[in-house]
Amino acid sequence: MTRAGRPRKFKTAKQLQEQIDQYFKSCWDNVPVIGQFGPVMVPDPENPDKKIPLKEYCQVKPYTITGLANALGMTRQGLLDYEGREEFTDTIKRAKG
């Protein structure tokens, strides 16, 4: 007997992990570092004779379970349902941890 219903969005834990990583990355942004006299300039690694603005990664959005679920294209309950599947349990728990 086969189970009816919608096919799973993620077939493997690796696919799910890739999307989780994208969500966490999306919560950070590369922003310029501003000093007393404007942007802090540093040598360009590709051209030491040129200066480029120094940037720093800053978290611009807090991590949330709902945000993660939305980024994965599912509801909060859908995320919990995936956590209940043995092949995805560890991946979801690490993301929530």
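Residues numbered from 1 in each chain as written. Predicted model: local features only at pLDDT ≥ 70, side-chain atom pairs only at ≥ 80, totals over all residues. Heavy atoms only, no water.

Enquirer: Could you clarify how one ought to interpret the packing of helix α3 (residues 76–83) against helix α4 (residues 86–96) in this entry?
Expert: In helix packing, the relevant descriptors are the interaxial angle and the interaxial distance, both defined with respect to the helix axes. The N-to-C vectors of α3 and α4 enclose an angle of 130°; their axes lie 7 Å apart at closest approach. The orientation of α3 relative to α4 falls into the category oblique. Contact residues: α3 offers L79, L80, Y82 and E83, while α4 offers F88, T89, I92, K93 and K96. Across the contact of α3 with α4, the residue classes tally to five nonpolar, one polar and three charged. (Axes fitted to C-alpha atoms, helices over the stretch in contact; angles between N-to-C directions. Helix = DSSP H or I, 4+ residues; strand = E, 2+ residues; numbered from the N terminus. Parallel < 35°, antiparallel > 145°, perpendicular 65-115°, else oblique. Contact = heavy atoms within 4.5 Å. Nonpolar A, V, L, I, M, F, W, Y, C, P; charged D, E, K, R; others polar.)

Enquirer: Can you walk me through the layout of surface pockets in this structure?
Expert: A probe as big as a water molecule, rolled over the atoms, marks out the empty space that is left. Quantified by volume, the largest pocket comes out at close to 350 Å³. Lining the largest pocket, in full, are R6, P7, R8, K9, G73, M74, G78, D81, Y82 and R85. Within the lining of the largest pocket, the residues separate by chemical class into three nonpolar, two polar and five charged. (1 Å grid on protein atoms, 1.4 Å probe; cavity = no way out; pocket = protein on both sides within 12 Å on 5 of 7 lines; lining within 4 Å. Points joined across faces, edges and corners; volume = space filled by probe spheres on them.)

Enquirer: I'm lost on the packing of aromatic side chains in this one. Help?
Expert: Given two aromatic rings, their pairing is described by the distance between the two centres and the angle made by the two planes. Under the definition given, this model contains five aromatic pairs. With centroids separated by 4.6 Å and ring planes inclined at 80°, the aromatic side chains of F24 and Y63 adopt a geometry described as edge-to-face. Here F24 is found in helix α1 (residues 13–26), whereas its partner Y63 is found in the loop between β6 (55–59) and α2 (65–71), with 39 residues between them in sequence. Take F24: its relative accessible area is 22%, and that puts it in the partly exposed class. Plain terms: the ring middles of Y82 and F88 are 5.0 Å apart, the flat faces sit at 65° to each other, and that makes the pair edge-to-face. The buried category is assigned to Y82, whose relative accessible area is 8%. A network of ring pairs unites the aromatic residues F10, Y82 and F88 as a single cluster. (Phe/Tyr/Trp six-rings, centres within 6.5 Å; stacked < 30°, edge-to-face > 60°. Buried < 20%, exposed > 50% of the residue type's maximum accessible area, 1.4 Å probe, protein only.)

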